[in-house]
Amino acid sequence: MASAAAFFLIAASAQSQVTCHITGKVAAGHPAARVLIGYEDQNRYVTDTAEIKDGKFEFRSSAQRPALAQITLLVPPPPGERRRRSQGDGEDGGLKNMALFYLEGIIQVDFDTAGVAKVTGGGKEQAAHEAFMAFGTENEKKGANALPFEKMVAEFIKKYPDAYMSLDLMEMFAGVIQPDVFEPMYTALSPRLKNTEKAKSWKQQLEIAKQFDIGKKSIDFTLNDVNGKPVSLSSFKGKYLLLDFWASWCGPCRAGHPELIRIYNQFKGEKFEILAVSLDSRKADWMKAIEEDKLPWRLVIDQPGSAQEVARMYHITQIPQSLLIDPQGVIVGRNLSGKSLENKLSELLKSSL
């Protein structure tokens, strides 16, 4: 399940020491001679390797909490090839030469000749991990009726509120917190997990995000444009405005510009505008990116030493981020992009006619 795979190497904060004894087998005919284990423990990534002898390997690992670990069979490149293919890429799209499990108790990992792993044993955290994977498999079978990934995660946390698996899944949504998505997940956590340092930090971030949630008033500010002339947020009153935070060094920001330009050209006019706030520290970098990306909307810069309070004012700690603001200055959308932004603008502008 590709959408779920992104969280696999993420672990949460430490709580109590746990140990794990991992034994493994590799079927005859598989080319691997060594195996690697990796997992996060107390904000550091721990790795270890072992030799595969007579088709067997073994690890004894410990961590401050049941951590999600990855075991990878190290496959040498075929003769004449300088780089080997990614260890986890199977020709059929499945995971090959790797296994994922929670460090707890006794774990057995068996790899077949093709490198497909079977994991048995473990404790309640591994059971929760297996339950989530089974849930994902069943959800995919529903096709068009499948739950969106964030809904699937929220449902899982309700069923497993005290599993570290739930805390680790939430990490995917903690970078730029969307209150309507994140708050139900946080609320469902057990008191024990809410008391972790990570969850306490998320709670603070959630309360800040709620200050700029849908239905809240935007805060006025004034910054200089490319010609050094002041532009205020309030000057766009009467229009729908996409307030877009970006920077020249932000790859995802710039990768999204072609699609945003298409949407802007579709909706620009008396009722819609974009105000892009750059967080660049050097004006030259900002100007170069504007020229390269051919940005057609209103552009201002929040440089250190000038205003720079705007990013702090809106609690922008990661980019890209955006707010869709209505003609009265009320936030009506957060971090909309692509089709979701296009659909929202179609709905709002049609209703405003």
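Residues numbered from 1 in each chain as written. Predicted model: local features only at pLDDT ≥ 70, side-chain atom pairs only at ≥ 80, totals over all residues. Heavy atoms only, no water.

(A) Representation of the sheet that holds strand β9 (residues 222-225). The mixed open sheet is built from seven strands, whose spatial order is β10-β9-β13-β12-β11-β14-β15. Every interior strand has two partners, whereas the edge strands, β10 (230-232) and β15 (331-334), have only one. In this sheet, neighbouring strand axes are inclined to one another by 35 degrees on average, regardless of whether the strands run parallel or antiparallel. Two strands pair when backbone bridges link them, and strand β12 (residues 272-278) and strand β13 (residues 298-301) are joined in this way by four bridges, in the parallel orientation. Along β13, the bridge assignment pairs Ser278 with Ile301. Helix α10 (residues 283-293) contacts β9, β11 (240-246), β12 and β13 of the sheet and is inclined by roughly 160 degrees relative to β13. (Pairing = 2+ DSSP bridges. Helix = DSSP H or I, 4+ residues; strand = E, 2+ residues; numbered from the N terminus. Axes fitted to C-alpha atoms, helices over the stretch in contact; angles between N-to-C directions. Contact = heavy atoms within 4.5 Å.)

(B) Just the nonpolar core, in detail. Leu243, Phe272 and Tyr314 are the most contacted members of the largest nonpolar core, which has 48 residues in total. In this view, Phe272 contacts Lys239, Tyr240, Leu242, Tyr264, Phe267, Leu324, Leu345 and Leu349; residues no more than four positions away in its chain are not counted. Formed by 29 residues, the second largest nonpolar core is a distinct cluster that contains Met152, Tyr164, Leu193 and Leu206. (Core = buried A, V, L, I, M, F, W, Y, C linked by side-chain atoms within 4.5 Å. Buried < 20%, exposed > 50% of the residue type's maximum accessible area, 1.4 Å probe, protein only.)

(C) Quick peek at the state of the cysteines. Applying the stated criterion across every chain yields a total of one disulfide. The disulfide partner of Cys250 is Cys253, and the S-S distance across this bridge is 2.2 Å. Across the disulfide from Cys250 to Cys253, rotation about the S-S bond amounts to roughly 80 degrees, and the bridge is consequently right-handed. Cys250 gets classed as buried once you look at its relative accessible area, which sits at 4%. According to the relative accessible area criterion, Cys253 is buried, its value standing at 7%. (Disulfide = S-S within 2.5 Å.)

(D) Main features of the side chain of Glu273. Its location among the elements puts Glu273 in strand β12. Buried Glu273, no salt bridge; nearest opposite-charge side chain is Lys239, N-O distance 4.6 Å. Those residues in contact with Glu273 that lie beyond four places of it in its chain are Phe236, Lys239, Tyr240, Leu241, Leu242, Tyr264, Trp297 and Arg298. (Lys, Arg positive; Asp, Glu negative; His and termini not counted. Salt bridge = Lys/Arg side-chain N within 4 Å of Asp/Glu carboxyl O.)

(E) Structural view of the sheet that holds strand β3 (residues 44-51). The antiparallel open sheet is built from four strands, whose spatial order is β3-β2-β5-β6. Looking along the sheet, the strands with just one partner apiece sit at the ends: β3 and β6 (98-102). Taken over all neighbouring pairs, the strand axes of this sheet differ in orientation by 20 degrees on average, direction set aside. Sheet analysis places strand β2 (residues 34-41) next to β3, joined by eight bridges and oriented antiparallel. When the sheet's bridge partners are listed, Asp41 is paired in β3 with Arg44. Against the sheet, helix α2 (residues 124-140) touches β5 (68-74) and β6, its axis set at about 125 degrees to β6.

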